[in-house]
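Close look at the chain arrangement
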There are 2 protein chains.
Amino acid sequence: MSEGFLPPVEDRPAVTVDVVIFSLVEDDLKVLLVQRDRQPFLGQWGIPGGFVYRHEALESAAARKLDDETGVKNVYLEQLYTFGSPNRDPRSRVITVAYFALLPYAAIRELDEARASWFPLNALPPLAFDHEEIVQYALTRLRYKLEYTTVGFRLLPDLFTLSELQKAYEIILDERLDKRNFRRKILAAEILQETGQMKRDGEGRPAKLYGYRDDAITEIKTRRLFP
Amino acid sequence: MSEGFLPPVEDRPAVTVDVVIFSLVEDDLKVLLVQRDRQPFLGQWGIPGGFVYRHEALESAAARKLDDETGVKNVYLEQLYTFGSPNRDPRSRVITVAYFALLPYAAIRELDEARASWFPLNALPPLAFDHEEIVQYALTRLRYKLEYTTVGFRLLPDLFTLSELQKAYEIILDERLDKRNFRRKILAAEILQETGQMKRDGEGRPAKLYGYRDDAITEIKTRRLFP
DNA sequence: GCAAAAGTGTTCTGTCTACACCCATGT
DNA sequence: ACATGGGTGTAGACAGAACACTTTTGC
């Protein structure tokens, strides 16, 4: 049977949520890290996280942390994995439910630049706890998701051009994609809608601005987008 | 920063592991349930689970539960999802890290038949807590895994014929598969090895017995096995 | 010799890949 | 008029799906 009796409180682990926050910053995929202001690992960088409140759902706790750090709500947030090695926190038993989040850089409203900073994935500083492992796990999952689903949009602002979307995919997957094939597949997935608006800023021909259809954000059941 | 301070013990949730144990029983995919001998949900069925010991890894706790119920070690065990709605346990805050396991029915050494019983997935009794949701989540994941990876073997004994394997896939996916295409794809995945032995029991031509290559049990990176 | 299950190839179809040029705008 | 990025179609390769007969054994 499950949960047959409650263990004494002193045997209970502490439970945290940690959030790997990805965004595209200056044409690079970056992760938001915060510098610890307490022991253990004082002064080291880590991913944002904290304890789950007593009556709070796990995903709410993750969303709260995300809001705390960036001031952004309604971002893509997905449970990643639960890490619970007995000694991952030197103080005591701490189990962390890790999430990963995708957010458009432009949506960030408040960022305490004294504490928080964006790091590219190939130049991470030494991280506290097992956060290095968590970040790598999140990156693997993100790439996988990008191949099979359409979450890539969630890194872009509400309106975007197909070229911007392709560039995002190329940055994250770290490979060049064919323009015509990319456009055909993305449009075939029927998750975008033309807005009728055009983007005309730099040189060149103006580009159609697309938005994503709210009803189609979820998983793609068909085949891989980028095999 | 993550895990900045430890919360007082009285604010800590209890943490359990629950394991959805799948096996093929009498040509059907079934789940092992146990009848609760305590409140809450006294007398109702649920998936096996229990509290995580103080210095125990999560996966070890899941493996321990599995061993407790079935006497089987070294089975396929994968973390599924962590369920933590604030009121999922009526007594207090309990967060559960759910796992799913695949095991060959023949491997079961000890099963307390007064408490534990196998149920087919389309005829589950009312389940305790949110276990119904957990089981459905596990079934979705199992089918998904079967399409993309090769975990299907883990439901069969060490040696098996291709027909037996195909039948297992058909039962779980609940659709008929073409014999020639199935064999070609499974063999192309290079996860099986012929053992040289033959199975000769009932009528008909004897079948080659295959085993799985230990080095190839993990994920398949290529494309779907059964699109 | 027949019932029962194992084993085996080929054709067709649809999807993915590779690839090059014209279009609309700003300067 | 030219530089810049946006936008479009097609042929060949490849993988998946559909499909029927022969082989080996037990009775």
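Please read these numbers as outputs of a predicted model, since none were measured by experiment.

**Let's talk about the overall build of chain A**
In terms of regular secondary structure, chain A is built from four helices and nine strands. N-terminal to C-terminal, the α/β element order of chain A is β-β-β-β-α-β-β-β-α-α-α-β-β. For chain A, with 227 residues in total, the buried portion stands at 55%. The long-range share in chain A, meaning contacts at least 24 apart out of those at least 6 apart in sequence, stands at 66%. In the form shown here, chain A has an accessible surface area of approximately 11000 Å², with 47% of it arising from carbon and sulfur atoms.

**A look at the protein's contact with DNA strand D**
Close contacts around DNA strand D come from 23 residues, with K179, R183, G204, R205 and K208 of chain A the closest. Here G204 of chain A contributes a backbone N or O atom positioned 3.1 Å from a base oxygen of DNA strand D. For the surface near DNA strand D, the elements supplying multiple residues, two or more each, are α4 (179–188) and β9 (207–212) of chain A together with α4 (179–188) of chain B. Residues belonging to the surface near DNA strand D are distributed by class as follows: four nonpolar, five polar and 14 charged.

**Thoughts on the relation of the copies chain A and chain B**
Least-squares fitting of chain A to chain B yields an RMSD of 0.1 Å, with the superposition described by an axial translation of 0.0 Å and a rotation of 180°. Here the symmetry operator amounts to a two-fold rotation axis. A share of 100% of the interface residues of chain A reappears at the interface of chain B, consistent with the copies meeting face to face through the same patch.

**Let's talk about the packing of helix α2 (residues 131–148) of chain B against helix α3 (residues 162–173) of chain B**
Residues and elements named next belong to chain B. Packing of α2 against α3 brings their axes to within 10 Å, and their N-to-C directions diverge by 140°. Classified by the interaxial angle, the pair formed by α2 and α3 is oblique. Taken as a pair, α2 and α3 cross one another with a handedness that is left-handed. The segment α2 lies against α3, with L142, R143, L146 and E147 engaging Y169, I172 and L173.

**A look at the protein's contact with DNA strand C**
The environment of DNA strand C is made up of 23 residues, and the closest members are K185 of chain A together with S163, K179, R183 and K208 of chain B. Interatomic distance of 3.4 Å between a side-chain N/O atom of D178 of chain A and a base nitrogen of DNA strand C. Note that a base nitrogen of DNA strand C is positioned 3.1 Å from one of the side-chain N or O atoms of N181 of chain A. Its residues placed into classes, the surface near DNA strand C shows four nonpolar, five polar and 14 charged.

**Some points on the side chain of T149 of chain A**
With respect to the element layout, T149 of chain A can be found in the loop between α2 (131–148) and α3 (162–173). A polar contact is formed between the side chain of T149 of chain A and the backbone oxygen of K145 of chain A, at a distance of 2.6 Å.

**Concerning the domain arrangement of chain A**
All names here are of chain A. For chain A, the domain assignment lists domain 1 (9–147) and domain 2 (152–216). The distance between the C-alpha centroids of domain 1 and domain 2 comes to 28 Å. Taken together, the contact pairs 17 residues of domain 1 with 12 residues of domain 2. Taken together, both faces of the contact between domain 1 and domain 2 bury some 1300 Å²; the carbon and sulfur share is 72%. In this structure, the connection of domain 1 to domain 2 is made through one salt bridge.

**Description of the interface of chain A and chain B**
Counting residues at the interface gives 59 residues for chain A, matched by 60 residues for chain B. Where chain A packs against chain B, one counts two salt bridges. Applying the counting criterion to the chain A and chain B interface returns 13 residue pairs in polar contact (both at pLDDT 80 or more). Contributing elements (two or more residues each) for the side of chain A that touches chain B: β1 (14–25), β2 (28–35), β4 (49–51), α1 (58–70), β5 (76–83), β6 (94–102) and α2 of chain A. The residue inventory of the side of chain A that touches chain B, partitioned by class, reads 25 nonpolar, 15 polar and 19 charged.

**A word on the packing of α3 of chain A against α4 of chain A**
Residues and elements named next belong to chain A. At a closest axis distance of 11 Å, the pairing of α3 and α4 adopts a crossing angle of 100°. It follows that α3 is roughly perpendicular to α4 by the angle criterion. Contacts between α3 and α4 involve L162, S163, L165, Q166 and Y169 from the former and K179, F182, R183, I186 and L187 from the latter. Residue classes in the contact of α3 with α4 are distributed as six nonpolar, two polar and two charged.

Definitions and limits used
Sequence positions are assigned chain by chain, starting from 1 and proceeding in written order. A letter from A marks each chain and a number from 1 marks each ligand, given out in the order of writing. In view of the model being predicted, local features appear only for residues whose pLDDT reaches at least 70, and side-chain atom pairs are presented and counted only at 80 or more, with totals across whole chains, interfaces and linings using the full set of residues. In computing side-chain properties, one takes all heavy atoms of the structure into account and sets aside hydrogens as well as water. Helix numbering and strand numbering both begin at the N terminus, where a helix is a DSSP run of H or I of at least 4 residues and a strand a DSSP run of E of at least 2. We call a residue buried when its accessible area falls under 20% of the maximum for its residue type, exposed when it is over 50%, and partly exposed in between, using a 1.4 Å probe and counting protein chains only. Only heavy atoms enter the contact rule, under which two residues are in contact if any of them lie within 4.5 Å. Only the protein chains shown count as cover for residues, and all accessible areas are computed by the Shrake-Rupley method using a 1.4 Å probe. Any residue with a non-hydrogen atom lying within 4 Å of a molecule or strand is treated as near it. A 3.5 Å cut-off defines polar contacts: any pair of N or O atoms within that distance qualifies, except that in protein one atom must be a possible hydrogen donor and the other a possible acceptor, and neighbouring residues in sequence count only when both atoms are side-chain atoms. Lys, Arg, Asp and Glu make up the charged group, whereas Ala, Val, Leu, Ile, Met, Phe, Trp, Tyr, Cys and Pro make up the nonpolar group; the residues left over, Gly among them, are polar. In this comparison the copies share one frame, found by least squares on the C-alpha atoms of residues holding pLDDT of at least 70 in both. Every axis corresponds to a line fitted to the C-alpha atoms, with the helix fit spanning only the stretch in contact, and the corresponding angles, defined between N-to-C directions, vary from 0 to 180 degrees. Reported orientations rely on four angle classes, namely roughly parallel under 35 degrees, roughly antiparallel over 145, roughly perpendicular from 65 to 115, and oblique for the rest. Here a crossing is taken to be left-handed if its near helix is turned anticlockwise relative to the far helix by less than a right angle, and right-handed if that turn runs clockwise. Residue ranges assigned to each domain were obtained from an automatic or database domain assignment. Defined here as a combined quantity, buried area equals the accessible surface (1.4 Å probe) lost by two parts on assembly, summed across both. One speaks of a salt bridge when a side-chain nitrogen belonging to Lys or Arg is within 4 Å of a carboxyl oxygen belonging to Asp or Glu.

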